[in-house]
Amino acid sequence: MRVLNLVTSPESRFFKQQVETLSRRGIDSETVAVPGSRCQTDDETTTRSVGDYLRFYPKVLSSVGPFDIVHANYGLTAPAALAQPTRPVVVSLWGSDLMGRYGSLSRWCARQADAVIVMSDEMASMLDVDCHVIPHGVDLERFKPEPQAAARDRVGWTREGTHVLFPYPVERRVKNYPRAKRVVDAAKARIDGDVELHTLYGVPHRRMPDYMNAADALLLTSRREGSPNSVKEALACNLPIVSTDVGDVRERVDGVDRSFVCRSDEELIEALVEVCRPPGPSTGRRKAQEVSLETMGERIEGLYASVLTNRRGDRQGNTVPG
């Protein structure tokens, strides 16, 4: 099986993991990226021009020949995938492409595709077509529990006190850093010793397990999410999670000790105090098995096979006897 991947940013970590995982399962692929430069805004992942996307289509059309399936990763790549006339199309929606300013375009493309992948049940409820909920997977070999004291030494944190991890840039409005700071400031009065809120941005991904294992809690205060990778990585490290009720977080932490989904500031404060006084690990790793890279790869491979089988069946069913 050969797959042509369309993507806005081929260096996206979770996209590269997806390609590598499928490659281990014997699926050959190539990637075509949208021309132009990529930049981060508050709520979107790209601000390329219309011209960049118009130049994208000829690249897709000239590349599609040897492939069995075209997989549009992110909604803005889907129009070019659908405009080629010969190959079945799988569309993956990542979150901001459905929930942000281009949501109407993503919904239209989902109706035209042979199959649609979304990150959460919440995203599936926003579409009027059948979807396959297949969140990005987490590398369980890289993200695993380690001794906290040694992890704190590696990242340069003090061994004493309480450390709360907010693994996002403070400028991303959708992540709502002011709320995270407000919650931590309120919790400080109820937790013995120093309490520090750590923000992270630009840290190499290979170092993230150290920060997950050094922290006492992951705090997520996002206004919206699809299936946040930080939550799945925290689960794999047995790091307690305190989160707003966004994306698939409620499903991910269901049945996990010392992890909470909250609706109000007071609930967030209470939950943070609970997991940090006294601090201790969660039981998240067993739940992380549900979103391993291997599970993700198996499900996407099965979806590809189903799409090809259905397309061949349609062609045979439409054949006029001679």
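These numbers were taken from a predicted model, which means no experiment stands behind them. (Residues numbered from 1 in each chain as written. Predicted model: local features only at pLDDT ≥ 70, side-chain atom pairs only at ≥ 80, totals over all residues. Heavy atoms only, no water.)

Asks: Go over the overall build of the protein, please, and point to the residues and values.
Replies: Scanning the protein for helices and strands turns up 14 helices and eleven strands. Here the C-alpha radius of gyration of the protein, 21 Å, is about what a compact globule of 322 residues would show, namely 20 Å. Going through the 322 residues of the protein one by one, you find that 52% of them count as buried. Of all intrachain contacts in the protein linking residues separated by at least 6 positions in sequence, the fraction that spans at least 24 positions is 66%. Side chains of the protein give 43 positive and 44 negative charges; the mean places of these two sets differ by 4 Å. (Helix = DSSP H or I, 4+ residues; strand = E, 2+ residues; numbered from the N terminus. Rg over C-alpha atoms; globule rule 2.2 N^0.38 Å. Buried < 20%, exposed > 50% of the residue type's maximum accessible area, 1.4 Å probe, protein only. Contact = heavy atoms within 4.5 Å. Lys, Arg positive; Asp, Glu negative; His and termini not counted. Charge placed at Lys NZ, Arg CZ, Asp CG, Glu CD.)

Asks: I'd like a rundown of the side chain of D97, residues and numbers included.
Replies: By the secondary structure assignment, D97 is in helix 4 (residues 96–99). R224 is the oppositely charged side chain nearest to the buried, salt-bridge-free D97, at an N-O distance of 8.8 Å. Here the side chain of D97 touches G75 through a polar contact of 2.8 Å, landing on its backbone nitrogen. Of note is the side chain of D97, whose polar atom sits 2.9 Å from the backbone nitrogen of G95. Sequence-distant contacts of D97, that is, excluding residues within four places in its chain, are made with Y74, G75, S92, Y102, G103 and S106. (Salt bridge = Lys/Arg side-chain N within 4 Å of Asp/Glu carboxyl O. Polar contact = N/O pair within 3.5 Å; in protein donor to acceptor, adjacent residues only side chain to side chain.)

Asks: I'd love a proper account of unusual backbone geometry, names of residues and values included.
Replies: Between R277 and P278 the backbone carries a cis peptide bond, its omega angle lying at -10 degrees. Considering the arrangement of structural elements, one finds P278 in the loop between helix 12 (265–276) and helix 13 (285–288). Of note, N176 is a non-glycine position whose phi angle comes to about 60 degrees, a positive value. Within the secondary structure, N176 is located in the loop between strand 7 (162–166) and helix 8 (177–188). You can call N176 buried: its relative accessible area is 10%.

Asks: If you had to explain the sheet that holds strand 6 (residues 132–133) to someone new, which residues and values would you point to?
Replies: Read from one edge to the other, the open sheet built from six strands follows the order 2-1-3-4-5-6, with strand pairing classed as parallel. Across the chains shown, the open sheet's two edge strands, defined by having one partner strand only, are strand 2 (28–33) and strand 6. Across two bridges, strand 5 (residues 115–118) lies against strand 6 in parallel orientation. By the bridge assignment, I117 is partnered in strand 6 with H132. Together, strand 1 (2–7) and strand 2 form the strand contacts of helix 2 (residues 50–63), whose direction differs from that of strand 2 by roughly 160 degrees. (Pairing = 2+ DSSP bridges. Axes fitted to C-alpha atoms, helices over the stretch in contact; angles between N-to-C directions.)

Asks: Outline the packing of helix 8 against helix 12, listing residues and values.
Replies: Between helix 8 and helix 12, the shortest axis-to-axis distance is 9 Å and the interhelical angle comes to 55 degrees. Of the possible angle classes, the one that applies to helix 8 and helix 12 is oblique. In the crossing of helix 8 with helix 12, the sense of the turn from one axis to the other is right-handed. Contacts between helix 8 and helix 12 involve R179, R182, V183, V184, A186 and A187 from the first element and D265, L268, I269, L272 and V273 from the second. Of the residues assigned to the contact of helix 8 with helix 12, the class counts are eight nonpolar, no polar and three charged. (Parallel < 35°, antiparallel > 145°, perpendicular 65-115°, else oblique. Left-handed = near helix turned anticlockwise from the far one by under 90°. Nonpolar A, V, L, I, M, F, W, Y, C, P; charged D, E, K, R; others polar.)

Function cannot be read off these values alone, since they describe shape.
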